[in-house]
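Understanding the architecture of this molecule
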Amino acid sequence: MVFWDIVRVFFPKVVLVALALFAFRLVVLTLLEKRNLAHVVVYREVLPKDILVTFVIGFGVFPISNFLNRWIAYEPELPRLVMELPLAIRIVLYLLIGDLGHYWVHRLMHTRHFWRTHKWHHAPTYMYWLAGVRASVTQVTLVNLPYIAAGAFLAFSPWWIFWAIILKNTAQNDFMHFNRWWGNRWLEWFIVTPRYHHIHHSDNPDHYNSNLAALFPIWDHLFGTYVDPDTVQKPLRFGIGESVPPIRLFIGI
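Residues numbered from 1 in each chain as written. Predicted model: local features only at pLDDT ≥ 70, side-chain atom pairs only at ≥ 80, totals over all residues. Heavy atoms only, no water.

1. Observations concerning the environment of Ser-136
What counts is decided by this rule: Under the DSSP-based scheme used, a helix requires at least four consecutive residues in state H or I and a strand at least two consecutive residues in state E, with every element numbered from the N terminus. Relative accessibility thresholds used throughout: buried, under 20% of the residue-type maximum; exposed, over 50%; partly exposed, between the two (1.4 Å probe, protein chains only). When checking whether two residues touch, look at their non-hydrogen atoms; a contact exists if any pair is within 4.5 Å. Nitrogen and oxygen atoms within 3.5 Å of one another constitute a polar contact, given that in protein one can donate a hydrogen and the other can accept it, and given that sequence-neighbouring residues count only through two side-chain atoms.
Inspection of the secondary structure puts Ser-136 in the loop between helix H5 (119-122) and helix H6 (137-150). Among the residues examined, Ser-136 registers a relative accessible area of 0% and is labelled buried. C-alpha separation for the pair Ser-136 and Ile-247, spaced 111 residues apart in sequence, amounts to 9.6 Å. The contact partners of Ser-136, leaving out residues within four places of it in the chain, are Val-61, Thr-117, Trp-120, Leu-249, Phe-250, Ile-251 and Gly-252. There is a polar contact of 3.0 Å between the side chain of Ser-136 and the backbone nitrogen of Gln-139.

2. Some points on the packing of aromatic side chains
Aromatic ring pairs: the centre-centre distance and the angle between the two ring planes describe each pair. Just so we agree on the cut-off: Only Phe, Tyr and Trp rings are paired, with Trp represented by its six-membered ring, and only when their centres lie within 6.5 Å; those with planes under 30 degrees apart are stacked, over 60 edge-to-face, the remainder tilted.
Summed over all chains, the structure comprises 14 aromatic pairs. Ring centres of Phe-22 and Trp-129 lie 6.2 Å apart, and the angle between their planes is 50 degrees; this geometry places the pair in the tilted category. A residue pair is termed long-range when its members are at least 10 positions apart, and Phe-22 in helix H1 (residues 2-34) and Trp-129 in the loop between H5 and H6 qualify at 107 residues. Trp-129 carries the same exposure label as Phe-22, and that label is buried. Among the aromatic residues, ring-to-ring pairing joins Phe-22, Tyr-43, Tyr-126, Tyr-128 and Trp-129 into one connected group.

3. With respect to the nonpolar core
Threshold: Residues belong to a common nonpolar core when they are buried Ala, Val, Leu, Ile, Met, Phe, Trp, Tyr or Cys residues joined through side-chain atoms within 4.5 Å.
Val-61, Trp-120, Tyr-128, Trp-129 and Leu-130 are the most contacted members of the largest nonpolar core, which has 30 residues in total. Of all the secondary structure elements, the ones that give two or more residues to this core are H1, helix H2 (43-72), H6 and helix H10 (246-251). Ranked by residue count, the leading element in this core is H2, at six residues.

Printed below as a string of structure tokens:
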């Protein structure tokens, strides 16, 4: 499978790039947030813990999830006619189909039977760029599935596509959880903004199943899970309101 061949070739380099990129994010994003916080965060208390969590995710959750995906994921072989489309069109198709699948996997994880897979992501009682790093083995394995399937559109693509996806995923996750009340109604027809996603993390029961989109908000508009940030009363509060053993949060059970 092309996807796994790419992972095997680039994995050692990915680790080095990830470490350098993390150091850059740690300095720059934290300083940007501190200029005008949307929510109060005591960085000296949360950063050490979340840095540890980041290493647990990078060297624990991701490798285990990738191993599981090798056995359960499906990467179809697309017709030659599709693969001859311009690369730009295939990238758009990858993003749209992968993100649509992500929306429905995310929505599934907010149902009663699958909520445990997603609890760790919602566990923090604060919100800032690194708060969104938490994801259980089960969650990452499930979320990977639509992207691996959609990855068929990127078969035989230039080498830089792999790195572009990693950078896009990192920037997207940081931006969604960024501790600034950025966004407006016009922009939020096209991309998930921090204020848009912060509502999804709210501990208000009215927001539990809202703003589920990861990249394109259109899915929330189409499938009835949209909440307008302009109508939400601030300040927001976060967390799941319960204590769960760390090993269960890690596995997602």
